[in-house]
Amino acid sequence: MIRVAVGSAKVLGLSRIKMDILPTTAHLMTPGRCVHDCKFCTQAKSSHADQKLLSRISWPEYEEEVVFSALRDKQDRFQRVCLQVVHSDVHDDFLEYVRKIRTVCDLPISVDIKADDIKIVRNTIEAGADVVGLPIDAANSQIFKRIKEGSFSSQMELIKQAADEFDGKISTHLIIGLGESEKDTVDLISELHRYDVTLGLFAFTPIKGTLLEDMNPPRLKQYRRIQLLRFLIYHNFDPDIIYDDHGNITGLDMDYKELMNVVEPSAFQTTGCPGCNRPFYNERPGETLYNYPYGPSKDEFQRALQKAISGLEGYIG
Ligand code: SF4
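Reference entry: report on the structure contained in this document.

## Observations regarding the overall build of the protein
Line of reasoning, step 1. Helix and strand content of the protein: 10 helices and 12 strands.
Line of reasoning, step 2. Referenced to the eigenvectors of the C-alpha coordinate spread, the extents of the protein come out at roughly 60 × 40 × 40 Å.
Line of reasoning, step 3. A burial count over the protein gives 57% of its 317 residues as buried.
Line of reasoning, step 4. Of the roughly 13900 Å² that the protein leaves accessible, carbon and sulfur atoms contribute 49%.

Right, dumping it as structure tokens:
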């Protein structure tokens, strides 16, 4: 059996769910219960959440052969395949899935794993992955310690080592809204950019049954601000940033006109591996989108940008 995100199942012809915005990446997930315990995750060891969920998305199970033949026949509907690995006791038994995906389609493959050793990264690339996702999730060591196993510094060391060895083939996930300061977040984004690590931004999404179920999602303004800074940094516009004593951004040394000239609507679009749009991963349909799973319209872009710069010194927010 293998799990398929419900939107991907729709595109593969395995589900009749009604969906306004379709995924451009086929999201698959290995079966079983995870041996790890990330506090925000529905698949975590200590989670009492609905085991069909990953974030707020349902991932029903299907026969492997049904999924792989659908992927073979309908691969032209996607830009990428992403395998989310729920680690069982046998840490690398997911490699078999990577090899199978590689044999049935020509799409680029991302494999999102919890690894503590570069060998696993090497084996995953060898099995056919184009990108290996090594989530950092937290913006600093205190939050990492509170929500994940292992250490922030050793996970960052592994990400940098892998990025050095596999240039452009390493991605990571960063969750916004876990109590981090904007300064910690921006500093981490700059460091990941220096190592050419692909960055997927996620808005913290509280899910019932997880240990963080009572926390709130991030304020939209905070999230828009981080999206703006990620765009500027990843497009090599490295503005000097003014922070208050709490690490909140209070200003940028770019004048309004210059900012308007360089920022593009993609700044507020879903980030991560090319072709990954993750519709409604962090918000319900009909709610304000944290990550636009398509190119935002002129109006959506203007509203997002105004939100991002509102309250910043020297800007007409
Ligand atoms: S950014 Fe998207 S495709 Fe890449 S590892 Fe994350 S979920 Fe998968």
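## What about the sheet that holds strand S1 (residues 2-4)?
Line of reasoning, step 1. The 8 strands are arranged S5-S1-S2-S6-S7-S8-S9-S10 in an open sheet whose pairing can be described as mixed. On the outer flanks of this sheet lie strand S5 (61-62) and strand S10 (198-203), each paired with one strand and no other.
Line of reasoning, step 2. Where S1 meets strand S2 (residues 25-29), 2 bridges bridge the pair, whose relative direction is antiparallel. Paired with Val4 across the two strands is Leu28, which belongs to S2.

## Some points on the packing of aromatic side chains
Line of reasoning, step 1. Throughout the structure, instances matching the rule amount to 5 aromatic pairs.
Line of reasoning, step 2. Ring centres of Tyr223 and Tyr290 lie 5.2 Å apart, and the angle between their planes is 75°; on these two criteria the pair is classed as edge-to-face. With Tyr223 in helix H8 (residues 220-234) and Tyr290 in the loop between helix H9 (256-262) and helix H10 (298-309), this pair connects stretches of sequence that are 67 residues apart. Take Tyr223 and Tyr290: they sit in the same class, and that class is buried.

## Quick word on the environment of Asp106
Line of reasoning, step 1. Relative to the helices and strands, Asp106 resides in the loop between helix H3 (95-104) and strand S7 (109-112).
Line of reasoning, step 2. Taking relative accessible area as the criterion, Asp106 reaches 71% and is therefore assigned exposed.
Line of reasoning, step 3. Between the C-alpha atoms of Asp106 and Glu287, which are 181 residues apart in sequence, the distance is 35 Å.

## Here we look at the packing of helix H7 (residues 182-194) against H8
Line of reasoning, step 1. In contact at an axis separation of 10 Å, H7 and H8 are set at 25° when each is read in the N-to-C sense. Put simply, H7 runs roughly parallel to H8. In the packing of H7 onto H8, the handedness of the crossing is right-handed. Residue-level inspection shows Glu182, Thr185, Val186, Ile189, Ser190, Leu192 and His193 of H7 in contact with H8, the latter providing Gln222, Arg225, Ile226, Leu229, Arg230, Ile233 and Tyr234.

## A closer look at the site of the ligand
Line of reasoning, step 1. Near the ligand the following residues occur: His27, Arg80, Cys82, Gln84, Ser110, Asp112, Ser171, His173, Gly272, Cys273, Cys276 and Arg278.
Line of reasoning, step 2. Taken together, the elements giving at least two residues each to the shell around the ligand come down to strand S6 (80-84), S7 and strand S9 (170-176).
Line of reasoning, step 3. In terms of residue count, the dominant contributor to the shell around the ligand is S6 (3 residues).
Line of reasoning, step 4. Among the residues making up the shell around the ligand, the classes are represented as 3 nonpolar, 6 polar and 3 charged.

## A few points about the pairing of S9
Line of reasoning, step 1. Taking burial as the measure, the 7 residues of S9 include 7 buried ones, the bulk of the element.
Line of reasoning, step 2. In S9, alternate side chains face the same way, and those of Ile170, Thr172, Leu174 and Ile176 on one face and Ser171, His173 and Ile175 on the other are all buried.
Line of reasoning, step 3. Bridging between strand S8 (residues 131-133) and S9 involves 2 bridges; their strand directions are parallel. Pairing of Gly133 across the sheet is with Ser171, part of S9.
Line of reasoning, step 4. Following the backbone out of S9, through H7 and into the adjacent parallel S10, one traces a crossover that is right-handed.

## Quick notes on unusual backbone geometry
Line of reasoning, step 1. The backbone of Ser55 sits at a positive phi, close to 50°, despite the residue not being glycine.
Line of reasoning, step 2. Secondary-structure assignment places Ser55 in the loop between strand S3 (53-54) and strand S4 (57-58).
Line of reasoning, step 3. By relative accessible area, which is 13% here, Ser55 ends up buried.
Line of reasoning, step 4. Unlike most non-glycine residues, Asn236 shows phi in positive territory, near 60°.
Line of reasoning, step 5. Here Asn236 lies in the loop between H8 and strand S11 (241-243).
Line of reasoning, step 6. Taking the relative accessible area as the measure of exposure, Asn236 reaches 61% and is therefore exposed.

Rules of the game
- Think of each chain on its own: its residues are numbered from 1, step by step along the sequence as written.
- This being a predicted model, a pLDDT of at least 70 is required before a residue's local features are given, and a value of 80 or more before pairs of side-chain atoms are given or counted; all residues contribute to the totals for chains, interfaces and linings.
- Side-chain descriptors were evaluated using all non-hydrogen atoms of the structure, hydrogens and water having been removed beforehand.
- Each helix corresponds to a stretch of at least 4 residues labelled H or I by DSSP, and each strand to a stretch of at least 2 residues labelled E; elements are numbered beginning at the N terminus.
- Partly exposed describes any residue whose relative accessible area lies between the buried limit of under 20% and the exposed limit of over 50%, with all areas from a 1.4 Å probe on protein chains only and scaled to the type maximum.
- Accessible surface is estimated by sampling points in the Shrake-Rupley manner with a 1.4 Å probe; for residues, cover comes only from the protein chains shown.
- DSSP calls a pair of strands paired once it identifies at least 2 bridges connecting them.
- Two aromatic rings, drawn from Phe, Tyr or Trp (for Trp, its six-membered ring), form a pair once their centres lie within 6.5 Å of each other, and the interplanar angle then sorts them: stacked below 30 degrees, edge-to-face above 60, tilted otherwise.
- Lines fitted to C-alpha atoms define the axes here, with helix axes fitted over just the stretch in contact, and angles between the N-to-C directions of these axes take values from 0 to 180 degrees.
- Here the word oblique covers every angle except those under 35 degrees (roughly parallel), over 145 (roughly antiparallel) and from 65 to 115 (roughly perpendicular).
- Note on convention: near helix rotated counterclockwise from far helix by under a right angle means a left-handed crossing. Clockwise means right-handed.
- Should any heavy atoms of two residues lie within 4.5 Å, those residues are counted as being in contact.
- In these notes, residues near a molecule or strand are those with any non-hydrogen atom within 4 Å of it.
- Each residue receives one of three labels: charged for Asp, Glu, Lys and Arg, nonpolar for Ala, Val, Leu, Ile, Met, Phe, Trp, Tyr, Cys and Pro, and polar for the others, Gly being one of them.
- Seen with its strands pointing away from the viewer, a crossover is right-handed when the path leading from the first strand over the helix to the second is clockwise.

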